[in-house]
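Single-letter residue listing:
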Amino acid sequence: MFKVNPYRPGAGLMPSYLAGRDDDISEAEQIFEALAMNMPAQSVIYSGLRGVGKTVLINQLQKIAEERGIFCRHIEVEERDDFISQIAAASQAFLRTVSTREKFKNLIQKSLDAIKSLVVSFNPKDQTFSLSVQERELYKSVNLTQSLTEVFTTIGETALRAETPICFFIDEIQYMKSQELGSLIAALHRSNQLGYPLMIVGAGLPKIYKMLSEEKSYSERLFLYKEIGSLTDEQSKSAIEIPVRKFGISYTDKAIQKIISITKGYPFFIQQLCQVVYKNADESEIDAARVEACVPEFYELLDKGFFRVRYERCAQSDKKFIFAMVKCGELPCTISNVAKNLGKSVGAISTTRAQLISKGIIYPVRYKELDFTVPEFNGFIQRLEEYQNWE
């Protein structure tokens, strides 16, 4: 018999109840209020591990911003994709919105020319603009920062005059190329200096703080940095209980504590485990024994999906590095201990370390210390037969 399940594990899938993010939402609402009044606002960057709900949060914030009349576009940066084409398309979409109003049509051409130059120069595969050879040479630029700044300042000026503020929501920032990120920061900085109502809400893995500061020293003042972590016990309790109340279902205190203990308060894990528990429950009060009985299925789902998809992206040398991290026992671990477990020098494994950071599998926690971007990834590795035999 079909049974409606209120728990929704997924990549960026909005849960039926969003727990533990009230303060972040309230703070963002105040920023959007200022932007909606056509005032420049400080951009926001959220960072956190996989599964903490960064994408869910910025999707919710986008809805809130749109309700206030702010023009919004969501951009997901992909490891092998071109960010420039996406930001150009988002800027064009804004111009199309404004161009429907007759009195602002004269503002469009300057911005359109800037976007053409950006696309023609830095996205050679793009077919958006049908230009002759001569026209393409006219729009060629050799400086990405200058080109992107021209786009941001021209659409920013249009946003100010048209009283239509802009907010770009950029997810997976860690995959941006260094040149793209530096140019984005500079372009946003200049548009802010000119008082234009254009901001960014971004999200990514913990390494993005270091990326931003390394690109531009003033990025620390340009962005409001917010770390998104696991839920507190009380927030986890709400995420567990509230979705099933409408169905007349409840959990015992021990069952709730069991779920929190297993999931460590990570929102995705809570949704995944509770989905399995609810699917298998036929009683109105779910107890700890029911939760315990569902744990094997919970780990099987994670191992085949959430964990496995990341593990399979790794080359054999990457996997050995990961195994050596897990062998350290306690995480985060030092790079010197990883090297020791591999029987190599630190210098000999530095390339693999850089590759794993670039792939978003590990991140530097503190000086010379490393951890996994995926919570409980070490447990998955320990369950692998390959790990048992790797030495």
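To keep things clear, this report deals only with the structure shown in the data block. Per chain, the residues get numbers from 1 upward, laid out in the order the sequence is written. Reporting of local features is limited, given that this is a predicted model, to residues whose pLDDT is at least 70; pairs of side-chain atoms are given and counted only at 80 or more, and all residues count toward the totals for whole chains, interfaces and linings. Only hydrogens and water are set aside; all other atoms, that is, all heavy atoms of the structure, feed into the side-chain values.

## Concerning the packing of aromatic side chains
Thinking step 1. Within 6.5 Å between ring centres, the rings of Phe, Tyr and Trp (the latter by its six-membered ring) count as paired, and their orientation is classed by plane angle as stacked under 30 degrees, edge-to-face over 60, tilted in between. According to the stated counting rule, one finds 21 aromatic pairs in the structure shown.
Thinking step 2. Relative to Phe306, the ring of Phe268 lies with its centre 4.7 Å away and its plane at 25°, an arrangement referred to as stacked. You can see Phe268 sitting in helix α12 (residues 267-280) and its partner Phe306 sitting in helix α13 (residues 288-311), a full 38 residues away along the chain. Of the two residues, Phe268 and Phe306, neither departs from the other in class, the shared state being buried.
Thinking step 3. Taken together, Tyr266, Phe268, Phe269, Phe298, Tyr299, Phe306, Phe307, Tyr311, Phe323, Phe372, Phe377 and Phe380 form an aromatic cluster joined through their ring pairs. Put simply, DSSP marks the helices as runs of H or I at least four residues long and the strands as runs of E at least two long, and each gets a number from the N terminus on. Relative accessibility under 20% of the residue-type maximum defines a buried residue, over 50% an exposed one, and the middle range a partly exposed one, all with a 1.4 Å probe and only protein chains included.

## Focus on empty space enclosed by the protein
Thinking step 1. A cavity, in this analysis, means grid points on a 1 Å lattice covering only the protein atoms where a 1.4 Å probe fits yet has no way out; a pocket is instead an open set bounded by protein on both sides within 12 Å along at least five of seven lines, and a residue lines either one if it has an atom within 4 Å of a point. Grid points are joined across faces, edges and corners, and a volume is the space filled by probe spheres set on the points. Applying the stated criterion to the full structure yields one cavity of 30 Å³ or more.
Thinking step 2. If you add up the space inside the largest cavity, you get close to 30 Å³.
Thinking step 3. Side-chain classes follow a simple rule in which Ala, Val, Leu, Ile, Met, Phe, Trp, Tyr, Cys and Pro form the nonpolar group, Asp, Glu, Lys and Arg form the charged group, and the remainder, Gly included, forms the polar group. Partitioning the lining of the largest cavity into residue classes produces seven nonpolar, no polar and no charged.

## Considering the packing of helix α11 (residues 253-263) against α13
Thinking step 1. Here, axes are lines fitted to C-alpha atoms. For helices the fit covers the stretch in contact, and angles between N-to-C directions go from 0 to 180 degrees. Contact geometry for α11 and α13: axes closest at 8 Å, N-to-C directions at 25°. Here α11 lies roughly parallel to α13, going by the angle between them. α11 and α13 meet at a crossing whose hand is right-handed. Within the contact between the two elements, α11 uses Lys254, Ala255, Lys258, Ile259 and Ile262 and α13 uses Ala288, Val291, Glu292, Val295, Phe298 and Tyr299. For this classification, under 35 degrees means roughly parallel, over 145 means roughly antiparallel, 65 to 115 means roughly perpendicular, and everything else is oblique. By the definition used in this description, the sense in which the near helix is turned from the far one sets the handedness, with an anticlockwise turn below a right angle giving left-handed and a clockwise turn giving right-handed. Residues are treated as being in contact if the distance between any of their heavy atoms lies within 4.5 Å.

## Some remarks on the nonpolar core
Thinking step 1. Definition used in this section: a nonpolar core is a set of buried Ala, Val, Leu, Ile, Met, Phe, Trp, Tyr and Cys residues joined via side-chain atoms within 4.5 Å. Core analysis: the largest hydrophobic core is formed by 81 residues, its most contacted members being Phe32, Tyr46, Leu61, Tyr251, Phe377 and Ile381.
Thinking step 2. When residues no more than four places from it in sequence are discounted, the contact partners of Tyr251 are Tyr7, Ile240, Glu241, Val244, Ile256, Ile259, Cys274, Val277, Glu285 and Ile286.
Thinking step 3. Ala114, Met176, Ala186 and Met211 belong to the second largest nonpolar core, which has 46 residues in total.

## Structural notes on the layout of surface pockets
Thinking step 1. Counted as a void, the second largest pocket has a volume near 340 Å³.
Thinking step 2. For the second largest pocket, the lining is made up of 19 residues, of which Pro206, Lys207, Tyr363, Pro364 and Val365 are closest to its centre.
Thinking step 3. Taken together, the residues that form the lining of the second largest pocket break down as 10 nonpolar, four polar and five charged.

## Observations concerning the sheet that holds strand β4 (residues 198-204)
Thinking step 1. Here the rule is simple: two strands pair whenever DSSP picks up at least two bridges between them. Spatially, the five strands line up as an open sheet ordered β2-β3-β4-β1-β5, and their pairing is parallel. Bordering the open sheet on either side are β2 (71-76) and β5 (223-227), each of which pairs with just one other strand. Strand-to-strand twist in this sheet, taken as the mean axis angle between neighbours without regard to direction, amounts to 15°.
Thinking step 2. Pairing of strand β1 (residues 43-47) with β5 involves five bridges; the strand directions are parallel. Bridge pairing in β5 links Tyr46 to Lys226.
Thinking step 3. Packed onto the sheet, helix α1 (residues 22-36) meets β1, β3 (166-171), β4 and β5 and runs at close to 160° relative to β4.
Thinking step 4. Sheet contacts for helix α7 (residues 178-193): β1, β3, β4 and β5; angle to β4, the most-contacted strand, approximately 150°.

## Points about unusual backbone geometry
Thinking step 1. Residue Leu331 is joined to Pro332 through a cis peptide bond whose omega torsion reads 0°.
Thinking step 2. Positionally, Pro332 belongs in the loop between α14 (316-327) and β8 (333-334).
Thinking step 3. Positive phi, normally seen in glycine, also occurs at Asn38, with a value near 70°.
Thinking step 4. Assignment of secondary structure puts Asn38 in the loop between α1 and β1.
Thinking step 5. A residue is classified by how much of its surface remains accessible, and Asn38, at 16% relative accessible area, is buried.
Thinking step 6. For Lys264, which is not glycine, the phi dihedral falls at a positive 60°.
Thinking step 7. Assignment of secondary structure puts Lys264 in the loop between α11 and α12.

## Considerations on the packing of helix α3 (residues 83-99) against helix α6 (residues 144-162)
Thinking step 1. α6 packs onto α3 with a crossing angle of 20° between their chain directions and a minimal axis gap of 11 Å. It follows that α3 is roughly parallel to α6 by the angle criterion. Where α3 crosses over α6, the two elements pack in a sense that is left-handed. Note on element contacts: α6 touches α3 through Leu144, Leu148, Val151, Phe152, Ile155, Thr158, Ala159 and Ala162, opposite Ile84, Ile87, Ser91, Phe94, Leu95 and Val98.
Thinking step 2. The residue inventory of the contact of α3 with α6, partitioned by class, reads 12 nonpolar, two polar and no charged.

## Description of the environment of Thr263
Thinking step 1. Looking at the element boundaries, Thr263 is found in helix α11.
Thinking step 2. As a C-alpha pair, Thr263 and Gly305 span 42 residues in sequence and 16 Å in three-dimensional space.
Thinking step 3. Filtering out sequence-adjacent residues up to four positions away, Thr263 remains in contact with Phe269, Ile270 and Leu273.

## Brief notes about the pairing of strand β10 (residues 369-372)
Thinking step 1. The alternating pattern of β10 places Glu369 and Asp371 and Leu370 and Phe372 on opposite faces, both of which are buried.
Thinking step 2. Relative to β10, β8 runs antiparallel, the two sharing two bridges. Pairing of Thr334 across the sheet is with Glu369, part of β10.
Thinking step 3. Taken together, the three bridges between strand β9 (residues 362-364) and β10 define a ladder with antiparallel strand orientation. Residue pairing in the sheet places Pro364 in a bridge with Leu370 of β10.

## Focus: α11
Thinking step 1. For α11, every residue scored as buried is listed here: Ala255, Ile256, Ile259, Ile260, Ile262 and Thr263. Here the buried residues of α11 occupy an arc of 165° about the axis, which is enough to place them on one side. Exposed and facing more than 90 degrees away from the buried side of α11 are Asp253 and Lys254.
Thinking step 2. On the buried face of α11, the contacting elements are α10 (233-245), β6 (250-251), α12, β7 (285-286) and α13.
Thinking step 3. Looking one or two residues beyond α11, the residue adopting positive phi is Lys264, at roughly 60°. The arc under discussion is defined with respect to the helix axis, by the directions toward the C-beta atoms.

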